[in-house]
Each structure stands twice: as C-alpha cells, then as structure tokens.
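Structural description and commentary
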Amino acid sequence: MATAQSARPTSMSAAVARPAAAPGVQVTAPSRREFLNYIWIASMALLLGETSAGLIWFAFPRFKEGEFGGTFAFDPVELPNAGAAPVTVASGRFHISHTPDGLRALYQVCTHLGCLPKWVPTNFRFECPCHGSKFELNGQWIEGPAPRNLDRFIATVTYADGTTLVTPADGGAIPLDLTREITSIQIDTGARIVGELH
C-alpha cells in the first residue's frame, strides 16, 4: 500500500510537468490598402503636429530683455538734450530722439523698403542710403519714396517719485520734465506704432 501511494504522486507530477499544446494563432499581414492608409494617417498626424507647434511658437513669442522684440533698458544718463542729435541703439534697432516736444523711440528701419536710415549731422536729419528718403528728428517724412513717417516703439519713462509716462497711442512724444530725476527708460521693441501716411 505504501508503494501504491508513492507511485500515485509520481504519475501526477509527470502529468503536471508535461506542457499543454498552445492553440494555433495566425497573424495576417495588412493588405496594401491598409498599409497605405496607416502611412497616410501617420503623415497627416505628423504634419498637423508640426503645424500646431509652429503656430504656437510664433503666436506666443518669448523674447529676453535686451533682445530685439523684447524690452530694452535705456540709461537716462545717455538721453540727448532737446534738439540734439539722436542716440542710436543698434542692438534694439531704434533711435532715441529728444525733440522740444519730448522723447520718441524711432524704429531704425525705413518705411520704404526696409533700409537703415542714418543720422546725418550736417543736414540735421535721417537719410536713407538706398533710395534717398529723408526724415526729421521726430521721424516726420521730409521727402523721398517712403510712404509714411518712421515707425515708433512704445517707451515708458519712470521718475524717482514713481510716476510713469508712456508713449501715446498715436506715437507722439512723451513730454519730459527734466527738473525731476528719471530713474529708467524702457523701450518695448515688440510694440511698434506704424507711422502716419503723408
């Protein structure tokens, strides 16, 4: 009897150890039409993703301070006297012009074809070297093929007492009170006011 009991577990262990046969699984390759549909859908999804990323990148630009398209801090010590030659900030692509009316931040690009007008001290005006457009100290068009005055950037002047003055919506000058201390001048090169047509 002991021999029968010992023989029984051996036959059970032999039955458990034997692997069962797996059912047959057949994998069929996609047809040519299905394969082309998958490729078409994947390429359209990729194109849509690239376009969305590009639109978001350009719709919400991020510019650092001191980079064109962002805000520039202009040192009030460098502010020219009223009626004197303007100060050019090449990295910001603007001229700081101080007329008797006040301060203007003029875009450095000609409104004709995008050349860079330079200040000519002998003629006391901006002159475009490409096609001869000429502009006054305040950006007003004098002559030449340019269709409008020089464009302007929005400037913010802050005094020591905390009051601030901002460029008017029409791009006019910020009247300065030089009896008070100016602590900062900020030029926003991302906010351009288009010059008036002449």
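Heads up: these notes are all about the structure in this document. For clarity, every value in this text was computed on a predicted model and none was experimentally measured.

Quick word on the nonpolar core
Ranked by size, the top nonpolar core spans 19 residues in total, and within it Leu-79, Ile-96, Leu-103, Val-157, Leu-176, Ile-185 and Ile-187 carry the most contacts. Secondary structure elements with two or more residues in this core: β1 (71-74), β3 (94-99), β4 (102-107), β9 (152-159) and β11 (182-193). Among residues more than four places away in sequence, those in contact with Leu-79 are Phe-74, Ile-96, His-98, Leu-103, Leu-176, Leu-178, Ile-182 and Ile-185. Leu-106, Cys-115, Phe-135 and Ala-146 belong to the second-largest nonpolar core, a separate cluster that totals 10 residues.

Comments concerning the state of the cysteines
Throughout the structure, instances matching the rule amount to one disulfide. Paired by a disulfide, Cys-115 and Cys-130 hold their sulfur atoms 2.0 Å apart. Negative torsions about the S-S bond denote left-handed disulfides, and the value of about -105° found for Cys-115 with Cys-130 makes this one left-handed. Of this pair, Cys-115 sits in the loop between β4 and β5 (118-120) while Cys-130 sits in the loop between β6 (125-127) and β7 (134-135), and the two are 15 residues apart along the sequence. Note on Cys-130: relative accessible area 40%, which makes it partly exposed. In this model Cys-110 remains outside any disulfide bridge; the closest cysteine sulfur is found in Cys-128, 3.9 Å from its own. By relative accessible area, which is 4% here, Cys-110 ends up buried.

Rules behind the numbers
Residues numbered from 1 in each chain as written. Predicted model: local features only at pLDDT ≥ 70, side-chain atom pairs only at ≥ 80, totals over all residues. Heavy atoms only, no water. Core = buried A, V, L, I, M, F, W, Y, C linked by side-chain atoms within 4.5 Å. Buried < 20%, exposed > 50% of the residue type's maximum accessible area, 1.4 Å probe, protein only. Helix = DSSP H or I, 4+ residues; strand = E, 2+ residues; numbered from the N terminus. Contact = heavy atoms within 4.5 Å. Disulfide = S-S within 2.5 Å.

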